[in-house]
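Structural features, examined
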Amino acid sequence: MSREPLIPTDWPVVPLGRIFTKQSREPAPADGVITAFRDGNVMLRSRRRLDGFTESIKEIGYQRIHKGDLVIHAMDAFAGAIGVSQDTGKSTPVYSVLTPNRNIHARYYAYVLRAYAQAGAIQSLTQGVRERSTDFRWATAKSLLVPLPPYIEQVKIADQLDRELTEIDSALSDFNFVEKLVADKRKAFIDSFFTKESSQQKIRLRHLVTLNPAVDSNLRDSKDTECTLLPMESIQFFTPPK
């Protein structure tokens, strides 16, 4: 039994370099730094978080990114760091900044390239330069073969994926809210048994256990910790008096 082809046979397959043009613009003095994150978001770093990044003392080779450019992070593309920039700013030269040629929809090809990354195609075309990283520069990326549907189909596919991902994100947000609510209620329920306001009967620990024998020789000082350790065999449990 034959399967339907994943790509319609009337869609040509072309190199990425035929439908996108690499840009190399001088950044403006007031430009903020743009980061391509592994979840496909490309935006000003200040909009997301500022910690955890290595800041360049000298911004040698920095380039300008315009809102709407397709951006490929050469070393993290294999993990999904590909997307359409939501802002105008600047980035390191390790990013490939691309503008679509006529009748090419950048958002559609961001999804295509991220699908390639998820399938391992990008990693298979590159060599690792550090742990959990590859080098997917434009010299390699421009030769990558991609499907070329009619422009209207590109837009429809990208719009549908946007809608479906928005619904998924909303469902995950609701799930996370409920999960946190349940965890908070569980914690509050457990804590209620150990607070002063609890109506549960309380008894001192010394009434529940006894040391056998009750001498200091049972205490062992650990050289690796600041704790005093007590062997479990030296503890006897008994039923507290009613």
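1. Focus on the packing of aromatic side chains
Applying the stated criterion across every chain yields a total of two aromatic pairs. On the numbers, 5.7 Å between centres and 85° between planes, the contact of Phe20 with Tyr109 is edge-to-face. Residue Phe20 is found in strand β2 (residues 20-22), and its partner Tyr109 is found in helix α2 (residues 106-118); the two are separated by 89 residues along the sequence. Taken individually, Phe20 and Tyr109 each receive the classification buried, so the pair is uniform in this respect. Seen from their ring centres, Tyr108 and Tyr109 are 4.7 Å apart, and the 80° between their planes marks the pair as edge-to-face. By the burial criterion, Tyr108 is buried, and Tyr109 matches it. Put simply, the rings of Phe20, Tyr108 and Tyr109 touch in pairs and so form one group of aromatic residues. The ring of Phe37 carries the charged tip of Arg48 above its face, separated from the ring centre by 4.2 Å.

2. Regarding the sheet that holds β2
Remark on secondary structure: sheet strands pair via backbone hydrogen bonds, oriented parallel or antiparallel. Read from one edge of the open sheet, four strands run β2-β9-β6-β7, paired in antiparallel fashion. Each edge of the open sheet carries a strand with a single partner, namely β2 and β7 (82-84). Averaged over all pairs of adjacent strands, the angle between their axes in this sheet comes to 30°, without regard to strand direction. Helix-sheet contacts for α2 involve β2, β6 (70-73), β7 and β9 (95-100), and the interaxial angle to β7 is about 170°.

3. Thoughts on the pattern of salt bridges
If you walk through the whole model with that rule in mind, you get eight salt bridges. Here Arg64 makes a salt bridge to Asp31, at a shortest N to O gap of 2.7 Å. Taken as a pair, Arg64 in strand β5 (residues 63-65) and Asp31 in the loop between β2 and β3 (34-36) lie far apart in primary sequence, 33 residues in all. For Arg64, a relative accessible area of 23% gives the class partly exposed. The buried category is assigned to Asp31, whose relative accessible area is 10%. Between Asp159 and Arg107 there is a salt bridge whose closest N-O contact spans 2.6 Å. One end of the pair, Asp159, is in helix α5 (residues 151-191); the other, Arg107, is in helix α2, and 52 residues separate them in sequence. For Arg107, a relative accessible area of 24% translates into the label partly exposed. One network of salt bridges, with partners in common, ties together Arg107, Asp159 and Asp162.

4. Focus on the environment of Tyr151
The topology assignment puts Tyr151 in helix α5. A residue is classified by how much of its surface remains accessible, and Tyr151, at 37% relative accessible area, is partly exposed. Sequence separation between Tyr151 and Arg102 is 49 residues, and the spatial gap between their C-alpha atoms is 9.2 Å. When near neighbours in sequence (up to four residues on either side) are disregarded, Tyr151 contacts Asn103, Ile104 and His105.

How each quantity is defined
- Residues numbered from 1 in each chain as written.
- Predicted model: local features only at pLDDT ≥ 70, side-chain atom pairs only at ≥ 80, totals over all residues.
- Heavy atoms only, no water.
- Phe/Tyr/Trp six-rings, centres within 6.5 Å; stacked < 30°, edge-to-face > 60°.
- Helix = DSSP H or I, 4+ residues; strand = E, 2+ residues; numbered from the N terminus.
- Buried < 20%, exposed > 50% of the residue type's maximum accessible area, 1.4 Å probe, protein only.
- Lys NZ or Arg CZ within 6 Å of the ring centre and 35° of its normal.
- Pairing = 2+ DSSP bridges.
- Axes fitted to C-alpha atoms, helices over the stretch in contact; angles between N-to-C directions.
- Contact = heavy atoms within 4.5 Å.
- Salt bridge = Lys/Arg side-chain N within 4 Å of Asp/Glu carboxyl O.

Keep in mind these numbers describe shape, not what the thing actually does.
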